[in-house]
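One letter stands for each residue in the lines below.
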Amino acid sequence: IPAQLRDRPGARFTVILNGTKKPEGKDWAGPNGANYGINDPQLAGYLSQGHNYGVLTGINGLVVLDIDDLPRLETLGIIDKLPDTFTVRTGRGGLHLYLNCPGLTDKIILEDPELKDSEGDPLHLGELQATGQQVVGPLSRHPNGNFYEVVKDLPIATITKDDLMLILAPVAHTEDHQSE
């Protein structure tokens, strides 16, 4: 687990069996659920067996911008406005941008303001993962065999909720969506 996450005060992690993306255990996002601190022997045991881990978001201001369509977000001018931060390439080639954003608690769906998908709905561009969510951690293996790899080994940048919401406003869809 990279230092940016390992050394983060209050950081919590889930266990994800190798070859999957879904956390194991009951109430994994809850305060008394199946999530672990960095020094928890259960987490260490799973990791020593080669399993994946997830990073809980929404704890101590940690949010992750989970980008599925980088080229479109670049075209829309969103990416250039974001601070340089700890970044991970996902197993499917997207990006996870880790940010400190105190006060942001709701998951936000990113949708194209112009383009539609094959069903006529706004084109899905990604999500901002916050309270009650998690992302698969760096160096874990995606079900397709690719690894989540650190592509920007930087400190986690801090941004205010107002500034981040202003940047994401053209693509933010704040209707309540539950995690899968």
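Structural data are supplied above this passage.
Residues numbered from 1 in each chain as written. Predicted model: local features only at pLDDT ≥ 70, side-chain atom pairs only at ≥ 80, totals over all residues. Heavy atoms only, no water.

In the structure shown here, the tally under the stated rule is two aromatic pairs. With 6.0 Å between their ring centres and 70° between their planes, F13 and Y53 make a pair best called edge-to-face. Here Y53 lies in strand β2 (residues 52-56) and F13 lies in strand β1 (residues 13-16), a separation of 40 residues in the sequence. Summarising the burial analysis for this pair, F13 and Y53 share the class buried. (Phe/Tyr/Trp six-rings, centres within 6.5 Å; stacked < 30°, edge-to-face > 60°. Helix = DSSP H or I, 4+ residues; strand = E, 2+ residues; numbered from the N terminus. Buried < 20%, exposed > 50% of the residue type's maximum accessible area, 1.4 Å probe, protein only.)

Time to look at the nonpolar core. If you look at the biggest cluster of nonpolar residues, it comprises 23 residues, and the most contacted ones within it are V63, L65, L73, L110, L128, L164 and L168. Listed by contribution, the elements that provide at least two residues to this core are β3 (62-67), β5 (95-100), β6 (108-116), β7 (122-129) and α4 (161-168). With sequence-adjacent residues up to four places away left out, L168 is seen in contact with L65, I78, L110 and L128. Membership of the second largest hydrophobic core comes to 19 residues, among which are A34, Y53, F86 and Y148. (Core = buried A, V, L, I, M, F, W, Y, C linked by side-chain atoms within 4.5 Å. Contact = heavy atoms within 4.5 Å.)

Here we take up the pairing of β2. Buried residues dominate β2, accounting for five of its five residues. What you see with β2 is no split at all: N52, G54 and L56 on one side and Y53 and V55 on the other are buried throughout. Strand direction decides the pairing type here: β1 and β2, joined by four bridges, are antiparallel. Residue I16 lies in a different strand from β2, and its bridge partner there is N52. Note that β2 and strand β8 (residues 134-136) share three bridges and pair antiparallel. Note that in β8 the partner of V55 across the bridge is V135. (Pairing = 2+ DSSP bridges.)

This next bit is on the pairing of β3. Taking burial as the measure, the six residues of β3 include six buried ones, the bulk of the element. Neither face of β3 is open: one carries L62, V64 and D66, the other V63, L65 and I67, and all of them are buried. Looking at chain direction, β3 and β5 are connected through six bridges and run antiparallel. Across the sheet, residue V64 finds its bridge partner in β5, namely Y98. Taken together, the four bridges between β3 and β7 define a ladder with antiparallel strand orientation. Following the sheet pairing, V64 is matched in β7 by Q129.

Residue position: Q42 is located in helix α2 (residues 41-48). Given the relative accessible area of 48%, Q42 is considered partly exposed. Expressed as a C-alpha distance, the spacing of Q42 and V15, which sit 27 residues apart in the sequence, is 8.8 Å.

The subject of this paragraph is the pattern of salt bridges. Applying the stated criterion across every chain yields a total of four salt bridges. Between E114 and R72 there is a salt bridge, with its nearest N and O atoms 3.0 Å apart. Of this pair, E114 sits in strand β6 while R72 sits in helix α3 (residues 70-75), and the two are 42 residues apart along the sequence. For E114, a relative accessible area of 55% gives the class exposed. When salt bridges with common partners are traced through the structure, they connect R72, D112 and E114 into a single cluster. (Salt bridge = Lys/Arg side-chain N within 4 Å of Asp/Glu carboxyl O.)

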